[in-house]
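Architecture at a glance
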Amino acid sequence: MKKNIVTIGFGSIAADLIQQLQAQSTRYAVAVLLRPGSQSRSRVPTDIAVLEDIAQVCEFAPDLVVEAAGHQSVRDTVPALLAAGFPVLLSSIGALGDDEFRSRLEWTAMEHGTRIMLASGALGALDYVRAVRDAREPVITYESRKPVKAWEAELRQLGQEPETLSESITLFEGSARQAAAAYPQNLNVAAALALAGTGFEGIRVKVVCDPELQSNVHLVRVDSELGSFEARIANSPSKSNPKSSQIVAHSLHSAIGQFFAPIVIL
Ligand SMILES: NC(=O)c1ccc[n+]([C@@H]2O[C@H](COP(=O)([O-])OP(=O)(O)OC[C@H]3O[C@@H](n4cnc5c(N)ncnc54)[C@H](O)[C@@H]3O)[C@@H](O)[C@H]2O)c1
């Protein structure tokens, strides 16, 4: 029996994900939820249904909705999707840095017997972080290091010329909450770590632009009474959006597989 999947948006990640799902056309039927008049419409493959509102989503009856469209899309669409009873897999996890909005989503999901799931996305190690969070005072730090291409607009705002940057520059140091709000496209992984671990105020985040790098690097360090853990992940940037990484669509694809699988790796 095919599973119906709706993606919110058709940007870099959603397009890559849909390509992977279409390669498994015996398992999945896919539709895309776009805003009315969206410029992405002309890029959606002709064999994929385009939906424009929640009523059309309900008609398509998704087994799972997958968001890869940014924080605002979470605000715009996810409350109604949960209220209609659909489970939602999120990649824009930083949207949950707003405690009031997150608890509204939690209540809506509970009330309508459904769930919000958060993809690992560009990061790994969330299982370890989740396991360690009840230890005595675990210390979790996260450093994001990305090439200049991922930070061109932000560098210009700081009065730096991206083309001539020769040394790494620290763009941000602070809490995961501040990081997710300040960099909605780049710091979703900090929010994922916060929710898996010690909360939005409990994780120290550093953001560095490094002109020597070709990949998007994530450094996670955890110290607790249970031991210590260090992870370094170097992701290939997405070809169409240097702020995102190619692995994110694969992470969503794998999470979809897990959602329907009889054996689940937690
Ligand atoms: N968790 C992670 O590791 C991780 C990593 C990278 C990106 N992300 C998240 O994924 C998002 C998408 O990344 P991308 O590289 O595909 O970006 P992108 O800019 O290529 O695509 C975003 C798409 O979403 C569409 N969109 C925006 N608002 C919408 C709405 N309300 N309804 C429907 N569509 C809407 C846009 O038209 C665009 O096509 C990012 O903004 C970020 O929040 C998460």
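The numbers attached to residues start from 1 for each chain and follow its sequence in the written order. Only residues with pLDDT of 70 or above have their local features reported here, since the model is predicted, and side-chain atom pairs are shown and tallied only from 80 upward, although totals for entire chains, interfaces and linings are computed over all residues. Neither water nor hydrogens contribute to the side-chain values; these are computed over all heavy atoms in the structure.

1. Quick look at the packing of aromatic side chains
For clarity, the cut-off: Under the pairing criterion, centres of Phe, Tyr and Trp rings, with the six-membered ring standing for Trp, must be within 6.5 Å; the plane angle then separates stacked pairs below 30 degrees from edge-to-face pairs above 60, leaving the rest tilted. In this description a helix means any DSSP run of H or I spanning at least four residues, a strand means any run of E spanning at least two, and both kinds are numbered starting from the N terminus. Exposure categories follow from relative accessible area, calculated using a 1.4 Å probe and restricted to protein chains: below 20% of the type maximum is buried, above 50% is exposed, and the middle band is partly exposed.
Using the criterion set out here, one finds five aromatic pairs in the structure. Consider the rings of Y28 and F260, whose centres lie 6.3 Å apart with planes at 50°: the pair is tilted. Here Y28 is found in strand β2 (residues 28-33), whereas its partner F260 is found in helix α9 (residues 247-260), with 232 residues between them in sequence. When its relative accessible area of 4% is taken as the criterion, Y28 is described as buried.

2. Some details on the site of the ligand
Where we set the bar: By convention in this text, a residue qualifies as near a molecule or strand provided that one of its non-hydrogen atoms is within 4 Å of it. What qualifies as a polar contact is a pair of N or O atoms within 3.5 Å, subject to a donor-acceptor requirement within protein and to the restriction that residues adjacent in sequence count only when both atoms come from side chains. Surface accessibility follows the Shrake-Rupley procedure with a 1.4 Å probe radius. Residue values consider only the protein chains on display as shielding. Cavities and pockets were defined on a 1 Å grid built over protein atoms only: a cavity is a set of grid points that admits a 1.4 Å probe from which the probe cannot escape, a pocket is an open set flanked by protein on both sides within 12 Å along at least five of seven lines, and lining residues are those with an atom within 4 Å of any such point. Placement in a cavity or pocket follows one criterion, namely that more than half of the molecule's atoms lie within 2 Å of its grid points. Only Asp, Glu, Lys and Arg are considered charged, only Ala, Val, Leu, Ile, Met, Phe, Trp, Tyr, Cys and Pro nonpolar, and every remaining residue, Gly among them, polar. Each domain's extent was defined by an automatic or database domain assignment.
The local shell around the ligand holds 26 residues, among which S12, S92, A122, N241 and S244 are the closest. A distance of 2.6 Å separates an oxygen atom of the ligand from a polar atom in the side chain of S92. A distance of 3.0 Å separates an oxygen atom of the ligand from a polar atom in the side chain of N188. Here the ligand, which alone exposes 860 Å², has 86% of that area covered by the protein. Placement of the ligand is best described as lying within the second largest pocket. For the shell around the ligand, the leading source of residues is helix α3 (residues 71-83), giving three residues. Along the lines of polarity and charge, the residues of the shell around the ligand split into 10 nonpolar, 14 polar and two charged. Residues lining the shell around the ligand come from more than one domain, with at least three contributed by each of domain 1 (3-122 + 247-260) and domain 2 (126-235).

3. Considerations on the nonpolar core
The following threshold applies: In plain words, nonpolar cores are sets of buried Ala, Val, Leu, Ile, Met, Phe, Trp, Tyr and Cys residues tied together by side-chain atoms within 4.5 Å. We call two residues contacting when some pair of their heavy atoms lies within 4.5 Å.
The biggest cluster of nonpolar side chains holds 59 residues, and the ones touching the most others in it are Y142, W151, L187, L193, V205 and I256. With seven residues, the single largest contributor to this core is helix α8 (residues 188-196). Looking at this core, you find at least three residues from each of domain 1 (3-122 + 247-260) and domain 2 (126-235). When near neighbours in sequence (up to four residues on either side) are disregarded, V205 contacts Y142, F172, E173, G174, S175, A176, A179, L187 and A190.

4. What to know about the sheet that holds strand β8 (residues 169-175)
How we decide: By the convention used here, strands pair only if DSSP detects at least 2 bridges between them. All axes here are fitted lines through C-alpha atoms, helices being fitted over the stretch that makes contact, and every angle between N-to-C directions spans 0 to 180 degrees.
Strand order in this open sheet of five strands is β8-β9-β7-β10-β11, and the pairing throughout is mixed. Since the sheet does not close on itself, it has two edges, and those belong to β8 and β11 (227-235), each with one partner. Shown here is a sheet whose adjacent strand axes are inclined to one another by a mean of 10°, direction ignored. Summarising the sheet, strand β10 (residues 216-224) and β11 pair through nine bridges and their orientation is antiparallel. The residue of β11 that forms the bridge with R221 is E230. Contacting β7 (139-146), β9 (203-209) and β10, α8 runs over the sheet at an angle of about 170° to β7.

5. Considering the sheet that holds β2
Note: strands within a sheet are paired through backbone hydrogen bonds, in either parallel or antiparallel orientation. Strand order in the open sheet formed by six strands is β3-β2-β1-β4-β5-β6, and the pairing between neighbours is parallel. For this open sheet the edge positions go to β3 (49-51) and β6 (116-118), each flanked by a neighbour on one side alone. The mean inter-strand angle of the sheet, taken between neighbouring strand axes irrespective of direction, is 25°. For strand β4 (residues 64-67) and strand β5 (residues 88-90), the ladder comprises three bridges, and the chain directions are parallel. Across the sheet, residue V65 finds its bridge partner in β5, namely V88.

6. Quick look at the pairing of strand β1 (residues 3-8)
The two faces of the sheet receive side chains in turn, since in a regular strand these alternate between them. For clarity, the threshold we go by: For a crossover, the right-handed case is the one in which the path from the first strand over the helix to the second runs clockwise, viewed with the strands pointing away from the viewer.
The buried fraction of β1 is high, at five of six residues. Bridge count between β1 and β2: six bridges; the pairing is parallel. Paired with N4 across the bridge in β2 is A29. Read as a crossover between parallel neighbours, the route from β1 over helix α1 (residues 12-22) to β2 is right-handed. As paired strands, β1 and β4 are joined by four bridges and run parallel to one another. Paired with T7 across the two strands is V66, which belongs to β4.

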